[in-house]
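A closer look at the structure
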Amino acid sequence: MRKFLVILDDSRECLNAMRFAAMRAAKTGGGVAILSIIRPEEFAHWIGVGEVMRGEARERIEAHYEVFAKWMRDRQGVDPELVIREGEPVPEILAQIREDPEIGVLVLGAGTEKSGPGPLVSQLSKNAGTLPIPITIVPGDMSKEKLEAIT
């Protein structure tokens, strides 16, 4: 089975990437892997309570994931899997792609701010020619109707 890997973060554009990945998976018989990354600097100053903070970060991620997962199951018939990694985003995304041979496409949402499409899109698109899988970049302001039409 081919899986679409999509990144779960706090960005607005994450929503369109999730929608696109679920719709494509539903129409192609694929799956969805949702990756969320906990950055290590979140705990650097709190040595004594680092584990508690890490647990709270995981709980927030799981709650956020459940919202997307329920929509994917109910509306698209896709049962996504959640992967949580700790580290810097780009190396962790690349590690997940290397470690899961079923991942066939990386789906990223592009921001609409004047500063650019966002750090993940900027960093990963620079290396797109050497990645082992294609990247699909979904515009952050694309309507749900347009997404449905192109998937």
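Up top is the structure.
Conventions adopted
- Residues numbered from 1 in each chain as written.
- Predicted model: local features only at pLDDT ≥ 70, side-chain atom pairs only at ≥ 80, totals over all residues.
- Heavy atoms only, no water.
- Helix = DSSP H or I, 4+ residues; strand = E, 2+ residues; numbered from the N terminus.
- 1 Å grid on protein atoms, 1.4 Å probe; cavity = no way out; pocket = protein on both sides within 12 Å on 5 of 7 lines; lining within 4 Å.
- Points joined across faces, edges and corners; volume = space filled by probe spheres on them.
- Nonpolar A, V, L, I, M, F, W, Y, C, P; charged D, E, K, R; others polar.
- Buried < 20%, exposed > 50% of the residue type's maximum accessible area, 1.4 Å probe, protein only.
- Pairing = 2+ DSSP bridges.
- Right-handed = clockwise from strand over helix to strand, strands pointing away.

Observations regarding the environment of Gly 140
Looking at the secondary structure, you find Gly 140 in the loop between β5 (135-139) and α5 (144-150). Separated by 28 residues in sequence, Gly 140 and Thr 112 place their C-alpha atoms 6.0 Å apart.

What to know about empty space enclosed by the protein
Taken as a whole and judged by the stated rule, the model has 1 cavity of 30 Å³ or more. Taken as a whole, the largest cavity spans an internal volume of roughly 40 Å³. In this structure, the largest cavity is lined by Arg 12, Glu 13, Ala 110, Gly 111, Thr 112, Glu 113, Gly 140 and Asp 141. Across the lining of the largest cavity, the residue classes tally to 1 nonpolar, 3 polar and 4 charged.

Notes on the pairing of strand β2 (residues 31-38)
Judged by how many residues are buried, β2 sits mostly within the fold: 8 of 8 residues are covered. Across 5 bridges, the pairing between strand β1 (residues 3-7) and β2 is parallel. Residue pairing in the sheet places Ile 7 in a bridge with Leu 35 of β2. Considered for its hand, the β-α-β crossover made up of β1, helix α1 (residues 14-28) and β2 is right-handed.

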